[in-house]
Amino acid sequence: MLLDGAPIESSKVGCNHHIMPASSDPHYEIRDAVRALCAQFPAEYFRNVDAEQAYPEEFVRALTRSGWLAALVPEEYGGSGLGLTEASVILEEINRAGGNSGVCHGQMYNMGTLLRHGSEAQKRLYLPLIATGELRLQSMAVTEPATGTDTTQLKTMAVLRGDRYIINGQKVWISRVLHSDLMLLLARTTPLEAVRKRSEGMSIFIVDLREALGKGLTTRPIANMVNHETSELFFDNLEVSVENRIGEEGQGFRYLLDGLNAERALIAAECVGDGRWFIDKVTQYASERIVFNRPIGQNQGVQFPIARAHVNVEAASLMRFEACTLFDAHKPCGAEANMAKLLAADASWEAANVCLQFHGGFGFAREFDIERKFRETRLYQVAPVSTNLILSYIAEHVLGLPRSF
Ligand SMILES: Cc1cc2nc3c(=O)[nH]c(=O)nc-3n(C[C@H](O)[C@H](O)[C@H](O)COP(=O)(O)OP(=O)(O)OC[C@H]3O[C@@H](n4cnc5c(N)ncnc54)[C@H](O)[C@@H]3O)c2cc1C
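What counts as what
- The residue numbers shown here count from 1 along each chain, following its written sequence.
- Totals for whole chains, interfaces and linings use every residue, but because this is a predicted model, local features are given only for residues with pLDDT of at least 70 and side-chain atom pairs only at 80 or more, for both listing and counting.
- Hydrogens and waters are ignored; side-chain quantities use all the structure's heavy atoms.
- Throughout this description, the term salt bridge denotes a Lys or Arg side-chain nitrogen within 4 Å of a carboxyl oxygen of Asp or Glu.
- What counts as a helix is a DSSP run of H or I of at least four residues, what counts as a strand is a run of E of at least two, and both are numbered from the N terminus.
- Exposure categories follow from relative accessible area, calculated using a 1.4 Å probe and restricted to protein chains: below 20% of the type maximum is buried, above 50% is exposed, and the middle band is partly exposed.
- By convention in this text, a residue qualifies as near a molecule or strand provided that one of its non-hydrogen atoms is within 4 Å of it.
- A 3.5 Å cut-off defines polar contacts: any pair of N or O atoms within that distance qualifies, except that in protein one atom must be a possible hydrogen donor and the other a possible acceptor, and neighbouring residues in sequence count only when both atoms are side-chain atoms.
- Each accessible area is a Shrake-Rupley estimate made with a 1.4 Å probe; only the visible protein chains count as cover when residues are assessed.
- Under the grouping applied here, Gly and all other residues not named as nonpolar or charged are polar, the nonpolar ones being Ala, Val, Leu, Ile, Met, Phe, Trp, Tyr, Cys and Pro and the charged ones Asp, Glu, Lys and Arg.
- Orientation is described by axes fitted as lines to C-alpha atoms, over the contacting stretch for helices, and by angles from 0 to 180 degrees between their N-to-C directions.
- Note on terminology: angles under 35 degrees are roughly parallel, angles over 145 are roughly antiparallel, angles of 65 to 115 are roughly perpendicular, and the others are oblique.
- By convention, the crossing between two helices is left-handed when the near helix turns anticlockwise from the far helix through less than a right angle, and right-handed when the turn is clockwise.
- Contacts are assigned to residue pairs with any non-hydrogen atoms lying within 4.5 Å of each other.
- In this description, the term disulfide denotes a pair of cysteine sulfurs within 2.5 Å.
- Pairing of aromatic rings covers Phe, Tyr and Trp, the last through its six-membered ring, and needs centres within 6.5 Å; plane angles under 30 degrees mean stacked, over 60 mean edge-to-face, and all others mean tilted.
- Ring-over charges, as used throughout, are those where CZ of Arg or NZ of Lys falls within 6 Å of the ring centre and within 35 degrees of the ring normal.

Chemist: Help me understand the pattern of salt bridges, please; the structure alone is not making it clear to me.
Modeler: Side chains bearing opposite charge may pair, as long as their charged atoms lie close to each other. This model, assessed by the stated rule, comprises 26 salt bridges. One salt bridge connects R31 with E92, and the closest N-O pair in it is separated by 2.9 Å. A residue pair is termed long-range when its members are at least 10 positions apart, and R31 in helix α1 (residues 28–39) and E92 in helix α4 (residues 84–96) qualify at 61 residues. Here the two residues R31 and E92 agree in accessibility, since each one is buried. The salt bridge partner of D280 is R96, with a shortest N-O separation of 3.1 Å. Separated by 184 residues along the polypeptide, D280 in helix α9 (residues 252–288) and R96 in helix α4 bring together distant segments of the chain. Here the two residues D280 and R96 agree in accessibility, since each one is buried.

Here you go:
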């Protein structure tokens, strides 16, 4: 456009440069429907929720009513039985529309542990109600303050007495407990000293938060840089029925790892959505903002960082689809899911920086929503797994380099 000297037509820039025509995008219908729902919750809605540090209850209800959060629940349990690929498109579109899937993505994938490793009785009991949204399983409690990323060292203990486990310990950064009915909990059932491998001896439990809160479980919300509801948890002789253990005792860490590939691929998709939102926003602005008598986007010093960020977002999107396709085909996808998460988190962060930079001072104004999305996407460098830990996984498990810890 600029090479032949033609003037910029602002209607042709900005939005939709990476939306495939309906005929060539296999997910067009899903995208279209999620976009239509998100259009009812414009930027002001999320801006206000953020300013009030509130929970976007109406938005989550609308997503639930439309069945989007039950995408991964099989049809026999009342869900829509879609694949991870489609689920990733749903979350991508929410973030791409200016929202934040982080408020509810747990409802989509936490049930995977129950689905793959739960008993038939547990699945019949919980999954249909999770599918309708009558029960929210939005939380998963793994991280502990003293041990952090070194999960196998976690200190929370569940000791079997009769038909109940007595749980004591502490967790930190546990998201959405205040907007959840059920929570998955990883705790040690065999002390570290008594196991052959450190990854053994941990179990996963379904904790009914409605019964547990105030009766052995207390929570302390953590004010943080994102409008992300997350808490410290304190377990003081919390009793959980043996019927609430998922799968075999001692195998919880293995079950957890299984579910993490899905989580990583989905969060990669959210980052792709963020990245596309930032690129749309900055492309539009750079085409319209006139400084020195020309659009700032006419300067290659402005164009190139935007173009580079776009390239990286699109590359990350492909790796996301690769991870999802393998997952949906029940093939190993640890490498691809981790690479997708790393590439997408880096790309969305790069796009966020570029978007903020080329909005100049206006990028800092709340009404442009950039500073909010900037904070939201920054989280994915650290959670649910930090960039360094992904690199370490790739170095050791994909490339075969010596183990570092
Ligand atoms: C908003 C928010 C929501 C969260 N939600 C949840 C949740 O719902 N459930 C849950 O269980 N957890 C949750 N987390 C926790 C999150 O998963 C952890 O913060 C993250 O895994 C990093 O652990 P840490 O904070 O203990 O950091 P640490 O383990 O203390 O690590 C600190 C830094 O050091 C680096 N590091 C550590 N060891 C190494 C090494 N060997 N080599 C190189 N670098 C290293 C890490 O990469 C990291 O950047 C959440 C966190 C946040 C901030």
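Chemist: Hey, could you run me through the site of the ligand in this one?
Modeler: Around the ligand, the surrounding shell holds 18 residues, and the nearest of these are T143, T149, W173, S175 and S386. S175 has a polar side-chain atom sitting 2.7 Å from a nitrogen atom of the ligand. A distance of 2.9 Å separates a nitrogen atom of the ligand from a polar side-chain atom of N388. When isolated, the ligand has an accessible area of 970 Å², and the protein chains bury 64% of it. When contributions to the shell around the ligand are tallied by element, the ones reaching two or more residues are β3 (164–175) and α13 (387–398). For the shell around the ligand, the element with the most residues is β3, which contributes three residues. Split into classes, the residues belonging to the shell around the ligand amount to 10 nonpolar, eight polar and no charged.

Chemist: Could you clarify how one ought to interpret the packing of helix α11 (residues 334–358) against α13 in this entry?
Modeler: Pairs of packed helices are described in terms of their axes, by the angle between the two and the distance that separates them. In contact at an axis separation of 10 Å, α11 and α13 are set at 150° when each is read in the N-to-C sense. The orientation of α11 relative to α13 falls into the category roughly antiparallel. As for the relative orientation of α11 and α13, their crossing is left-handed in sense. Contact residues: α11 offers G334, A335, N338, M339, K341 and L342, while α13 offers T387, I390, L391, Y393, I394 and V398. When its residues are assigned to classes, the contact of α11 with α13 shows eight nonpolar, three polar and one charged.

Chemist: How should I be thinking about the state of the cysteines in this particular structure?
Modeler: If you walk through the whole model with that rule in mind, you get zero disulfides. Free cysteine: C104, not disulfide-bonded; nearest cysteine sulfur from C38 at 9.6 Å. A disulfide-free cysteine, C333 has its sulfur positioned 8.3 Å from the sulfur of C324, the nearest such atom.

Chemist: Looking at this structure, how should I read the packing of aromatic side chains?
Modeler: For any pair of aromatic rings, the description rests on two quantities: the centre-to-centre distance and the angle between the ring planes. Applying the stated criterion across every chain yields a total of nine aromatic pairs. For the ring pair F46 and F59, a centre distance of 5.1 Å and an interplane angle of 80° mean the geometry is edge-to-face. With F46 in helix α2 (residues 43–51) and F59 in helix α3 (residues 57–65), the pair connects residues that are 13 residues apart, well separated along the chain. Measuring from ring centre to ring centre gives 6.5 Å for Y285 and F368, while their planes differ by 85°; the resulting arrangement is edge-to-face. With a gap of 83 residues between them, Y285 in helix α9 and F368 in the loop between α11 and α12 (370–378) connect regions that are remote in the sequence. Given the relative accessible area of 14%, Y285 is considered buried. By way of ring pairs, the aromatic residues F41, Y45, F46 and F59 are connected into one cluster. Between the NZ or CZ atom of K373 and the centre of the ring of W277, over which it lies, the distance is 5.4 Å.

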